Amino acid sequence: MLTIYRILLKKTQELSLHRALPFPSSNLIFLNMAYLATFAGHSIWRSTFHNYAIDKYQVNPQQIGIIFSLASIPGVLAFCNGFIAHKMRLFFFLPLSCISVGIGLIWIGLTPTWHYLLPAVLLITFGFTSFYTIVNSIRLLESRPEEVTLSLGCLKSLGPLASIGAALLILCFLKPLGFNLFFILAGIGVIVFGVLAVMSIWNKEYSVIHSNLRFNSKLWPYYTLNFLAGGRSSIFKTFVLFFLIHEYHFKITSTALIVVVSNFLGSFGYLLIGYLGRRYDKRNLLTIIYFGVAFIFFCFFFVNSVLLLSMLFLLDSLLFSTSVITEGYLKNKSLPRDLIGDVATGLTLFYIAEVLTPLLGAMLWELLNFKATFLLGSILACISILVSRKLND
């Protein structure tokens, strides 16, 4: 597996540097550094916030609910990034997004009461959703149509690796530094790399490009697949680990191990699907992937082995990377000035589904049983198969 991963990574980087992306490799390195830093900062917040808030501020479930409800607002309103990009140059918007994540982390480390956590969380989630929209749009702008899925796969593979890096930082430095100093230093690190990200805007043409706040009816397959992907993602993140822990008494060490391995496979999956998307018909590839996802959910009906269920969890991590194909679809369908608005609208629909689907899944679990919740996941995957057939070049 490691050998295959290295070969794919080398091949992807070569194509990204010499064929898909016309800007110098040094600028690509800075953009990737900013990507790693921003995703690592977001992972640090997601991984440690519950412990920090409970240990230091004794927050109750209601207060946690308020905090995470606010955290979802920037994602649901991600389409507004199209309007912001229309008013602000990417030269400023890109580092501003990284700096927002960094300031949010520093704010968490300095906040005196739990009430001050609210604006900090908003800063982190706003910065993260904005950065994700911008950096994917830049990669779409700079990629050739025939290389776009491979280029996106190379970029997105860094996200899961950043999560692994964040976990290692937490294990090595959180205890000796303490929560407050750890958050402050993590925030400073994200800000430094955010400033370096300015250097990734290699060409004046792209540093001043504008976008529009819009909903393009011709892109309905892309929007729909993003919504369905958000539902599928939330079912897995919310219920699968809960199912393994609740029904099979998964230990914390087992949970940590499976999450780390799933991040590695997620990174590998982005490279693999990006590579396959360049070689084969994208609609057929998505059909195979979504069929596999539907099969995984269906297996939860009758599989009773914790080992097999863990393998299904990891297999889904490998198949999660369909966004390299769906976002690559925009390369041929969107005008350069509309890319940020289109990516942001798709991200908004993804987050809306992430908010709504767990509520529906929990209701099905309570009223019926866990099989009904996983049946919902299979249905979403089957609908994705039908919608993916509507994608065209």
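Please refer to the structure placed before this passage.
Residues numbered from 1 in each chain as written. Predicted model: local features only at pLDDT ≥ 70, side-chain atom pairs only at ≥ 80, totals over all residues. Heavy atoms only, no water.

Caption draft 1: The arrangement of the overall build of the protein chain in detail. Along the backbone of the protein chain there are 18 helices and zero strands. Counting the 393 residues in the protein chain, one finds 54% classified as buried. Taking the contacts inside the protein chain whose residues are at least 6 apart along the sequence as the reference set, 85% of them involve residues at least 24 apart. Accessible surface for the protein chain amounts to roughly 17,400 Å². Of this, 70% is attributable to carbon and sulfur atoms. (Helix = DSSP H or I, 4+ residues; strand = E, 2+ residues; numbered from the N terminus. Buried < 20%, exposed > 50% of the residue type's maximum accessible area, 1.4 Å probe, protein only. Contact = heavy atoms within 4.5 Å. Areas by Shrake-Rupley, 256 points an atom, 1.4 Å probe, with all protein chains shown as cover.)

Caption draft 2: Examining the packing of helix H12 (residues 220-248) against helix H15 (residues 306-319) more closely. Two elements in contact, H12 and H15, have axes whose closest approach is 12 Å; the angle formed by their N-to-C orientations is 165°. When the axis of H12 is compared with that of H15, the two are roughly antiparallel. For the pair H12 and H15, the sense of crossing is left-handed. Touching Arg 232, Phe 236, Val 240, Leu 241, Phe 243, Leu 244 and Tyr 248 of H12 are Val 306, Leu 309, Leu 312, Phe 313, Asp 316 and Leu 319, all from H15. Grouping the amino acids of the contact of H12 with H15 by side-chain chemistry returns eleven nonpolar, no polar and two charged. (Axes fitted to C-alpha atoms, helices over the stretch in contact; angles between N-to-C directions. Parallel < 35°, antiparallel > 145°, perpendicular 65-115°, else oblique. Left-handed = near helix turned anticlockwise from the far one by under 90°. Nonpolar A, V, L, I, M, F, W, Y, C, P; charged D, E, K, R; others polar.)

Caption draft 3: View of the packing of aromatic side chains. The tally for this structure, following the rule as stated, stands at 19 aromatic pairs. Here the aromatic rings of Phe 39 and Phe 128 are separated by 4.9 Å at their centres, their planes lie at 65°, and the arrangement is edge-to-face. Here Phe 39 is found in helix H2 (residues 25-57), whereas its partner Phe 128 is found in helix H7 (residues 117-142), with 89 residues between them in sequence. Of the two residues examined, Phe 39 and Phe 128, each falls in the buried class. Between Phe 243 and Phe 370, the aromatic rings sit 4.8 Å apart at their centres with planes inclined by 35°, giving tilted as the arrangement. Residue Phe 243 is found in helix H12, and its partner Phe 370 is found in helix H18 (residues 370-388); the two are separated by 127 residues along the sequence. Following the ring pairs from residue to residue traces out a cluster consisting of Phe 236, Phe 243, Phe 297, Phe 300, Phe 313, Trp 365, Phe 370 and Phe 374. (Phe/Tyr/Trp six-rings, centres within 6.5 Å; stacked < 30°, edge-to-face > 60°.)

Caption draft 4: Representation of H18 in the model. The end-to-end C-alpha separation of H18 is 27 Å, in line with the 27 Å expected for 19 residues at 1.5 Å each. For H18, the full list of buried residues reads Ala 372, Thr 373, Phe 374, Leu 376, Gly 377, Ser 378, Leu 380, Ala 381, Ser 384, Ile 385, Val 387 and Ser 388. Packed against the buried residues of H18 are H12, helix H14 (282-299) and helix H17 (339-367). For H18, the N-terminal capping position is held by Asn 369, with its side-chain oxygen 2.9 Å away from the main-chain nitrogen of Lys 371. (Expected span 1.5 Å × (residues − 1). Polar contact = N/O pair within 3.5 Å; in protein donor to acceptor, adjacent residues only side chain to side chain.)

Caption draft 5: Just the nonpolar core, in detail. With 52 residues, the main nonpolar core has Phe 300 and Phe 374 as its most contacted residues. Looking at which element gives the most residues to this core, the answer is H12, with eleven residues. If sequence neighbours within four positions are ignored, Phe 300 has contacts with Phe 236, Val 240, Phe 243, Leu 309, Leu 312, Phe 370 and Phe 374. Of all hydrophobic cores here, the second largest spans 44 residues; its members include Ile 67, Trp 114, Tyr 132 and Tyr 351. (Core = buried A, V, L, I, M, F, W, Y, C linked by side-chain atoms within 4.5 Å.)

Caption draft 6: Structural detail: the environment of Asn 216. Secondary-structure assignment places Asn 216 in the loop between helix H11 (204-207) and H12. For Asn 216, a relative accessible area of 14% corresponds to the buried category. Measuring from C-alpha to C-alpha, the distance between Asn 216 and Lys 333 comes to 10.0 Å, with 117 residues separating the pair along the chain. Those residues within four positions of Asn 216 in sequence are excluded, and the remaining contacts are Tyr 223 and Asp 342.

Caption draft 7: The arrangement of the side chain of Ser 317 in detail. The topology assignment puts Ser 317 in helix H15. On the basis of relative accessibility, which here comes to 13%, the residue Ser 317 falls in the buried class. Ignoring anything within four residues of it in the chain, the contact list for Ser 317 reads Ser 262, Leu 265 and Gly 266.

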